[in-house]
Amino acid sequence: MAPVPLRLATWNINSVRLRIDLVTRFLAEHRPDVLCLQEIKCRDDQFPHKAFAAAGYRYRAVHGQKGYHGVATVSRRPFSESFRQAFCGKDDARHVAVTIRLGGQQLTIHNTYVPAGGDIPDPDVNEKFAHKLAFIEELGAFLERRPEDAILTGDLNVAPLATDVWSHRQLLRIVSHTPAETDRLEVLRTRGGWTDAVRHFVPPEEKLYSWWSYRARDWRASNRGRRLDHIWVSDGLVPTLKAASIVAATRDWPRPSDHVPVVVDFGRPRRS
DNA sequence: ATGGTGGGTAGCCCA
């Protein structure tokens, strides 16, 4: 069978320098065409370019920062344009976009790291939570102004559905699953005309996670996960969706990230 | 109800 035209993966790596061997293993085993990384936690000049080049990922757009945050998109296929967008008047490294060709059309991939939001889910007493809510609103407004086919991916730090957390009832007041966040993300999703590519294949009754805390004795046994990492596609791309998966196996690799990769396969665009 | 474990980095910041 011919390979799909595009395989896209997203992974919050929690330090790309510390975990470069896990990344290259993932690239070798799953061969995504494009990998979007978040929390690279290094400056642009510290990014491990050589390891990606050796793995065949010639094209790289890095938006790094010392110590915190940082995103990078690496690709085996050429991308023509890349830019970084700032949000909320901060110079946090939380976004990088690249434009690639899928079939005959141009496609912009927005790799995004939404603020985690701190512990207290009250914007009046917790500036980090206020920042998170404002960031989601500003991201939505920014994406609405962009007409081309697009993918919104990354660590959105929100588990939107009741089945995106291990206990809906117990997490309603925990940052990442509060109505203030899930409502805003849903507004962004519907106004922007986005489809959740993973939920396109997995029914909403089924529990699905992409993150498990480090603070569990046995992450698999307790299984208190959340689905924080997403791949969303604009309307024009929905007919090209072929498959989606979450690579939970990486959570058992040595010195793992607390997040695992999310992968989506795209087929050839339908003729119109 | 609490604290539990990981990053980056040199003081505690953050997830």
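Use the structure listed above.
Residues numbered from 1 in each chain as written. Chains lettered and ligands numbered in written order. Predicted model: local features only at pLDDT ≥ 70, side-chain atom pairs only at ≥ 80, totals over all residues. Heavy atoms only, no water.

Since there are 3.6 residues in each turn of an α-helix, residues three or four apart along the chain are aligned in direction. Across its 18 residues, helix 3 (residues 127-144) extends 26 Å between first and last C-alpha, which sits within 8% of the 26 Å expected from 1.5 Å per residue. All of the buried residues along helix 3 are Phe129, His131, Lys132, Leu133, Phe135, Ile136, Leu139, Gly140, Phe142 and Leu143. Capping the start of helix 3 is the job of one residue whose side-chain oxygen sits 2.9 Å from the backbone nitrogen of Lys128: Asn126. (Helix = DSSP H or I, 4+ residues; strand = E, 2+ residues; numbered from the N terminus. Expected span 1.5 Å × (residues − 1). Buried < 20%, exposed > 50% of the residue type's maximum accessible area, 1.4 Å probe, protein only. Polar contact = N/O pair within 3.5 Å; in protein donor to acceptor, adjacent residues only side chain to side chain.)

Moving on, we get to the nonpolar core. Residues Leu8, Ile100, Ile109, Ile151 and Phe266 are the most contacted members of the largest nonpolar core, which totals 26 residues. Where this core is concerned, the elements lending two or more residues are strand 1 (6-12), strand 2 (34-38), strand 6 (95-102), strand 7 (105-113), strand 12 (229-234) and strand 14 (262-266). Ranked by residue count, the leading element in this core is strand 6, at 4 residues. Residues within four places of Ile100 in sequence aside, it is in contact with Leu6, Val34, Arg77, Pro78, Phe79, Gln105, Gln106, Leu107 and Ile109. Among the nonpolar cores identified, the runner-up in size contains 22 residues, and Ile13, Leu22, Val62 and Trp253 belong to it. (Core = buried A, V, L, I, M, F, W, Y, C linked by side-chain atoms within 4.5 Å. Contact = heavy atoms within 4.5 Å.)

This part is about the sheet that holds strand 14. Within the open sheet, the 6 strands sit side by side as 3-4-2-1-14-13. Their pairing is mixed. With partners counted over all chains shown, the strands left at the sheet margins are strand 3 (59-63) and strand 13 (241-246), one partner each. Adjacent strand axes in the sheet meet at a mean angle of 10° when their direction is disregarded. Sheet topology places strand 1 next to strand 2; 5 bridges connect them, and they run parallel. Opposite Leu8, over in strand 2, you have Val34 as the bridge partner. Against the sheet, helix 1 (residues 20-30) contacts strand 1, strand 2 and strand 14, and its axis sits at roughly 155° relative to strand 1. (Pairing = 2+ DSSP bridges. Axes fitted to C-alpha atoms, helices over the stretch in contact; angles between N-to-C directions.)

All right, on to the sheet that holds strand 9 (residues 194-196) then. If you walk across this open sheet you meet the 6 strands as 5-6-7-8-12-9, and the pairing is mixed. On the outer flanks of this sheet lie strand 5 (81-83) and strand 9, each paired with one strand and no other. The sheet shows a mean angle of 20° between the axes of neighbouring strands, taken without regard to direction. The pairing of strand 7 with strand 8 (residues 150-155) spans 6 bridges and is classified as parallel. Residue pairing in the sheet places Tyr113 in a bridge with Asp155 of strand 8. Together, strand 5, strand 6, strand 7, strand 8 and strand 9 form the strand contacts of helix 3, whose direction differs from that of strand 7 by roughly 170°.

Scanning all chains against the criterion turns up 8 aromatic pairs. Between the aromatic rings of Phe47 and Phe52, the centroid separation amounts to 5.1 Å while the plane-to-plane angle is 10°, which identifies the pairing as stacked. Relative accessible area serves as the criterion here: at 0%, Phe52 is assigned to the buried category. Taking 6.2 Å as the distance between ring centres and 85° as the angle between the ring planes, the aromatic pair formed by Tyr209 and Trp212 counts as edge-to-face. Looking at Trp212, the relative accessible area reads 6%, which means it is buried. (Phe/Tyr/Trp six-rings, centres within 6.5 Å; stacked < 30°, edge-to-face > 60°.)

A complete count under the given rule lists 15 salt bridges for this structure. Residue Glu137 is joined to Arg184 by a salt bridge in which the shortest nitrogen-to-oxygen separation is 2.7 Å. Taken together, the residues span a long stretch of sequence, with Glu137 in helix 3 and Arg184 in helix 5 (residues 179-192) at a distance of 47 residues. A relative accessible area of 29% means that Arg184 is categorised as partly exposed. Among the ionic pairs, Asp164 bridges to Arg199, the shortest N-O distance being 2.8 Å. One end of the pair, Asp164, is in the loop between strand 8 and helix 4 (168-171); the other, Arg199, is in the loop between strand 9 and strand 10 (211-212), and 35 residues separate them in sequence. The class of Asp164 is buried, set by a relative accessible area of 0%. Several salt bridges share partner residues, and in doing so they unite Asp164, Asp196, Arg199 and Arg227 into one network. (Salt bridge = Lys/Arg side-chain N within 4 Å of Asp/Glu carboxyl O.)

Treat this as a map of the structure, not an account of what it does.
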